[in-house]
Amino acid sequence: MSRIYQVAIIGGGVAGSVTALQLAKYGVDNVLFEQRDGLVHGPPFCHLHAGGNLYPEISLEQCKVLMHQSIDSARFFPETIDHRPTLISIPDFESLDTQEVENRLEQLSLYYKELVGQDPANEVLGPPEEYYTVYKHKDLEALLQRPSVPRPVTHDDW
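Along each chain, numbering runs from 1 in the same order as the chain's sequence is written. Only residues with pLDDT of at least 70 are given local features in this predicted model, and only at 80 or more are side-chain atom pairs given and counted; all residues enter the totals for whole chains, interfaces and linings. Excluded from the side-chain calculations are hydrogens and water; all other atoms, namely the structure's heavy atoms, are used.

This brings us to the overall build of the protein. Across its full length, the protein carries six helices and two strands. We count a stretch as a helix when DSSP gives it H or I for four or more residues in a row; a strand needs E for two or more, and each element gets its number in order from the N terminus. Counting helices and strands in the order they occur from the N terminus, the protein gives β-α-β-α-α-α-α-α. To sort residues, take the accessible area from a 1.4 Å probe on protein chains only and compare it with the maximum for the residue type: under 20% means buried, over 50% means exposed, and anything in between is partly exposed. Each of the 158 residues in the protein was classed as buried or not, and the buried ones make up 24%. For the protein, the proportion of contacts with a sequence separation of at least 24, taken over those separated by at least 6, is 51%. We call two residues in contact whenever any of their non-hydrogen atoms come within 4.5 Å of each other.

The next thing to look at is the nonpolar core. By nonpolar core we mean a set of buried residues, namely Ala, Val, Leu, Ile, Met, Phe, Trp, Tyr and Cys, connected to one another through side-chain atoms within 4.5 Å. Core analysis: the largest hydrophobic core is formed by 16 residues, its most contacted members being Met 67, Ile 71, Tyr 112, Val 124, Leu 125 and Tyr 131. Breaking this core down by element, the ones donating at least two residues are α4 (60-76) and α5 (98-118). Sorting elements by how many residues they give to this core places α5 first, with seven residues. The contact partners of Tyr 112, leaving out residues within four places of it in the chain, are Met 67, Ile 71, Asn 122, Glu 123, Val 124, Leu 125, Gly 126, Pro 127, Pro 128 and Tyr 131.

With that out of the way, let us pick up the pattern of salt bridges. Should the charged atoms of two oppositely charged side chains come close, the side chains can pair. What makes a salt bridge here is a side-chain nitrogen of Lys or Arg within 4 Å of a carboxyl oxygen of Asp or Glu, nothing more. The full count for this structure, using the stated rule, is seven salt bridges. The salt bridge involving Lys 64 is made with Glu 61; its shortest N-O contact spans 3.7 Å. Taken as a pair, Lys 64 and Glu 61 lie in helix α4 at a separation of three residues, close to a single helical turn. Overall, Lys 64 belongs to the buried group, its relative accessible area being 18%. A salt bridge links Lys 138 to Asp 139, with the nearest nitrogen and oxygen atoms 3.4 Å apart. Asp 139 gets classed as partly exposed once you look at its relative accessible area, which sits at 24%. Connected through salt bridges with shared partners, the residues Arg 146, Asp 156 and Asp 157 form a single ionic network.

In structure tokens, the structure reads:
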């Protein structure tokens, strides 16, 4: 490497990648070093805003804290958002009660709506009324009949 940079960043996780992007945005010449073949191998924001559903051992209050933190982070670093929906699938052998998961999603949806009501700029996870969709087996069968789309936009497109 014969070029000299103003800043060297070690690690291409969320923090390193976003730091490199932000520095470049403000004209700071930087280089990012990552030992893997790709960037951002950590959990995406979908794990944060749906965290209590993916990790049911944490409380609803902890889920709300994670949601609020993910919104704050996403507002500060909007380029880190992966706009694909999170799929939560509960196998038959799992001891989770699907109704409890749906109730938790409803509570998180209401909390997200509340946060967006406090500040419209908090709407980083999509419209509150589209926070989650419940699909039953028959719904999934119907989706199988739909043609694929090159650029998915809605939950059904994905």
